[in-house]
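Remarks on the overall topology
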2 protein chains.
Amino acid sequence: MPDAPRFSKGLDDVVVGRSSITWVGGETGDLVYRGFDVRDLVPGVPYESVVHLLLYGEPPSADPSREVGRELAARRDAPAPVERVVDALPAGLPPLEALRTILSALGDGSFGYPPTLEEGFGLIARTPTLLARYVRRSRGAAPIPPRPDLGHAANFLWMLHGDAPEPRRVAALEGYLDLLADHGMNASTFALRIAISTQSDLASAATAALATLKGPVHGGAPSRVSDMLDAIGSPDRAAGWIADRLARKEVLYGFGHRAYKTEDPRAVVLHRIAREVAQPDRLRLAEEVERAALEALHRAKPGARLYTNVEYYSAVVLEAVGLPRELFTPTFAVARTAGWTAHAREQAADNRLIRPDVEYVGPSKGRPWPRPLVGH
Amino acid sequence: MPDAPRFSKGLDDVVVGRSSITWVGGETGDLVYRGFDVRDLVPGVPYESVVHLLLYGEPPSADPSREVGRELAARRDAPAPVERVVDALPAGLPPLEALRTILSALGDGSFGYPPTLEEGFGLIARTPTLLARYVRRSRGAAPIPPRPDLGHAANFLWMLHGDAPEPRRVAALEGYLDLLADHGMNASTFALRIAISTQSDLASAATAALATLKGPVHGGAPSRVSDMLDAIGSPDRAAGWIADRLARKEVLYGFGHRAYKTEDPRAVVLHRIAREVAQPDRLRLAEEVERAALEALHRAKPGARLYTNVEYYSAVVLEAVGLPRELFTPTFAVARTAGWTAHAREQAADNRLIRPDVEYVGPSKGRPWPRPLVGH
């Protein structure tokens, strides 16, 4: 006999399937890709090797993965008709809005069902290159062609800025991309899997994922951490600014996460990367704001398990990498195309339409239309 | 104490929230908008009045709704920068692929959170006009400006074809749009609500919905009903063709639905509309194929509750309206923009991030990376 329906508005207590890609240990503070603890991978493992691990399930035989490096480098140029759509985007459009249309434009009729590895490599390779193309044109600058001698992270910076990227910035971005490459079943990945569950294609599903990641509750807020740090300005103002903000019942960005009831391992590793790459003043400010915020939050809610989340040191790291704030969430998406591809393929491999029920609480059937109708 | 997590791959037995928009009575064959049985609304209620009912919860004071008619007519022209993106789409792109990028391009940075009625009217008004613009340009023809004297359904046909649409075709399309305007919590509406649950915007959420509707298991198959009817060709070949097909274990399009365990009321009303508008030969073929298919399906699976679904007579009706097959699913989306707007606003009114869990079944934590890493 089937169980009675479960009512669950946020689906917190619903397990929507099995996955062998990523383990998010919310109680223990673990993030594990295919059995590998991200703390053991970052810094050091190139993004191409993380893509290899996520897509094939096993580490490559060399770092960076030769197969993935070759597949991605070969696909950096997008078809000309896709570039024409990207070039038609209005210059003032925020890059996160532009990226949704870029991902949709990638769906040029060549993507099918089930999603293939080749389609995934195309998505992963072209998301940063088309984003960089848009950003350049949006600034009135010419797009910069990809450099086949550069890895994925370095090439993204090259195509944005057009000068040889500093190795420590490349390493910091690489660590960021590794850490954000997947995170199990979050809202955007869930939207992607729902799209694939109707036998839609990977370009469509990635567009749905980006449309979901775009919300500030999910991926759209790291730039607000930078804005907050700017507003505070110096370490000695941190405690007062935070107390004011909490007194006005306003949110502090960069703290708390639905999954983690302890330290988010990504936040820990990103803090370590920030110590390597951030300007000393900015780092000191960020650390003092973090300390003051956690103290104030714990005083306001004693016993609450509130920790620094991934957004906080993401902002500090991406600033230090030299990315403008409006590229923070798009760069999150650049990282996540790897996880999206892995989840789309996993969903398709054992597919079932995802279609929950809803409880209807509106007026009962039988209301009469107030006027006679033609044709009745 | 919280309940133990529920494992549910397709979420069939999970109720994801409450809604007062649409009741889908799968056991009784009911489809009810805000208390009004669709069988009492179609034919006769103009699409503007159904939009009014879905968005405001009450019928308008006149038909067609004056408020909605005015709001939609005023928004048919899209901003020029959005039109430029649409005009950059490659001519050979299937309209369903194009529509995903069109919806994304509508997100020009002006959509916020929570979604507003005005944003909804813009989405509903511009989806058909930009789709028609794309279709015209794709055929090498000039776009046709909207006609403010025409209602929503008639204006869509006008902008596609450029001649005064026949009233019985307009009426048939209007009935189709009414019947497809909402359907509770299906996969595309669920994807939309997940996007809104992250506080993303309506243009993004509608793009996610279309990306999900695109899958043939959800919205992408009505044209295959037409293809099937063509392949059968004449009523006397129906039984044999179907027997062959079932013997090869191939699917018959247009039968069975996850929600309905009895007749789909939309199929019943669309069949009635088809009798009014379809060519007699085509209607006879469709009816004979339906009869033979149901007989064969019930013989193959005695006792199975398999009925004609909405796709079957959708195809016959949309053919008779004069729409090419590649516009069937896009026209489904044109209708559904009303329901998407209603659901987006309902989700935002009492919002909670939708984020299920997943059971990790991959390798255990602790696998060592096979090579030493730089930086460790």
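Residues numbered from 1 in each chain as written. Chains lettered and ligands numbered in written order. Predicted model: local features only at pLDDT ≥ 70, side-chain atom pairs only at ≥ 80, totals over all residues. Heavy atoms only, no water.

**Structural notes on the packing of helix 9 (residues 187-197) of chain A against helix 16 (residues 328-349) of chain A**
Residues and elements named next belong to chain A. The following threshold applies: Here, axes are lines fitted to C-alpha atoms. For helices the fit covers the stretch in contact, and angles between N-to-C directions go from 0 to 180 degrees. The helix and strand labels rest on DSSP assignments: H or I over at least four residues marks a helix, E over at least two residues marks a strand, and numbering proceeds from the N terminus. Here a crossing is taken to be left-handed if its near helix is turned anticlockwise relative to the far helix by less than a right angle, and right-handed if that turn runs clockwise. Contacts between residues were defined by any pair of non-hydrogen atoms, one from each residue, lying within 4.5 Å. Residues are grouped as follows: Ala, Val, Leu, Ile, Met, Phe, Trp, Tyr, Cys and Pro are nonpolar; Asp, Glu, Lys and Arg are charged; all remaining types, including Gly, are polar.
Look at helix 9 against helix 16: their axes get within 9 Å of each other, and the N-to-C directions meet at 40°. Taken as a pair, helix 9 and helix 16 cross one another with a handedness that is right-handed. Contacts from Ser188, Thr189, Leu192, Arg193, Ile196 and Ser197 in helix 9 reach Arg336, Trp340, His343, Ala344, Glu346, Gln347 and Ala348 in helix 16. Each residue belonging to the contact of helix 9 with helix 16 can be placed in one class, and the counts come to five nonpolar, five polar and three charged.

**Points about the pairing of strand 4 (residues 30-33) of chain A**
Residue and element names in this part refer to chain A. How we decide: Throughout, exposure labels follow a simple rule: accessible area from a 1.4 Å probe, protein chains only, divided by the maximum for the residue type, with under 20% read as buried, over 50% as exposed, and the rest as partly exposed. At least two bridges found by DSSP between two strands are what make those strands a pair.
Of the two faces of strand 4, the one carrying Asp30 and Val32 and the one carrying Leu31 and Tyr33 are both buried. With four bridges joining them, strand 3 (residues 22-25) and strand 4 adopt antiparallel strand pairing. For Val24, the partnering residue across the bridge sits in strand 4 and is Leu31. From the end of strand 3 to the start of strand 4, which pair antiparallel, there are four residues, and Gly29 there has a positive phi angle of about 75°. Joining the antiparallel neighbours strand 4 and strand 5 (residues 36-37) is a turn of two residues, in which Arg34 adopts a positive phi near 50°.

**What about the pairing of strand 4 (residues 30-33) of chain B?**
Where strand 4 of chain B lies against strand 5 (residues 36-37) of chain B, two bridges are found, and the strand directions are antiparallel. Within strand 5 of chain B, the residue paired with Tyr33 of chain B across the bridge is Phe36 of chain B.

**Focus: the packing of helix 9 of chain A against helix 10 (residues 202-213) of chain A**
Residues and elements named next belong to chain A. Keep this limit in mind: In this scheme, roughly parallel covers angles under 35 degrees and roughly antiparallel covers those over 145, while 65 to 115 is roughly perpendicular and the rest are oblique.
Relative to each other, helix 9 and helix 10 sit at 150°, their axes nearing to 8 Å. The orientation of helix 9 relative to helix 10 falls into the category roughly antiparallel. Remark: the crossing between helix 9 and helix 10 carries right-handed chirality. Across from Ala187, Ser188, Ala191, Leu192, Ala195 and Ile196 in helix 9, the residues of helix 10 making contact are Leu202, Ala205, Ala206, Ala208, Ala209, Thr212 and Leu213.

**Some remarks on the pattern of salt bridges**
Proximity of charged atoms lets side chains of opposite charge pair with each other. This is how the line gets drawn: We count a salt bridge whenever a side-chain nitrogen from Lys or Arg sits within 4 Å of a carboxyl oxygen from Asp or Glu.
Within the structure shown, the criterion is met by 66 salt bridges over all chains. Arg18 of chain A is paired through a salt bridge with Glu359 of chain B; the nearest N and O atoms lie 3.3 Å apart. Residue Arg18 of chain A is found in strand 2 (residues 14-19), and its partner Glu359 of chain B is found in strand 6 (residues 357-360); the two belong to separate chains. Given the relative accessible area of 48%, Arg18 of chain A is considered partly exposed. As a salt-bridge pair, Lys214 of chain B and Glu97 of chain B come within 3.3 Å of each other at their nearest N and O atoms. Separated by 117 residues along the polypeptide, Lys214 of chain B in the loop between helix 10 (202-213) and helix 11 (222-232) and Glu97 of chain B in helix 5 (residues 95-106) bring together distant segments of the chain. In this structure, Lys214 of chain B and Glu97 of chain B share a single accessibility class: buried.

**Comments concerning the sheet that holds strand 5 of chain A**
Spatial strand order, 3-4-5 (chain A): three strands in an open sheet with antiparallel pairing. Of all strands in the sheet, those with a lone pairing partner are strand 3 and strand 5 of chain A, marking the two edges.

**Some thoughts on the interface of chain B and chain A**
Reports often express the size of an interface as the amount of accessible area lost when the parts come together. The condition that has to hold: In this description, buried area is defined as the sum, over both parts, of the accessible area (probe of 1.4 Å) that is lost when the two are combined. Pairs of N or O atoms are called polar contacts if they sit within 3.5 Å, as long as, within protein, a hydrogen donor faces a hydrogen acceptor (for residues adjacent in sequence, only side-chain-to-side-chain pairs).
Taken together, the contact between chain B and chain A spans 109 residues of the former and 108 residues of the latter. Counting each side, the surface lost to burial between chain B and chain A is near 9,900 Å², with a carbon and sulfur contribution of 59%. Inspection of the region where chain B meets chain A yields 14 salt bridges. The interface formed by chain B and chain A includes 64 residue pairs in polar contact (both at pLDDT 80 or more). Looking at the side of chain B that touches chain A residue by residue, the class counts come to 49 nonpolar, 32 polar and 28 charged.

**Considerations on unusual backbone geometry**
Pro64 of chain A follows Asp63 of chain A through a cis peptide bond whose omega is -10°. Take Pro64 of chain A: it is sitting in the loop between helix 2 (47-56) and helix 3 (66-74). Between Tyr113 of chain B and the following residue, Pro114 of chain B, the backbone shows a cis peptide bond with an omega angle of 0°. Here Pro114 of chain B lies in the loop between helix 5 and helix 6 (117-138). At Leu11 of chain B, a position not held by glycine, the phi torsion is positive, near 65°.

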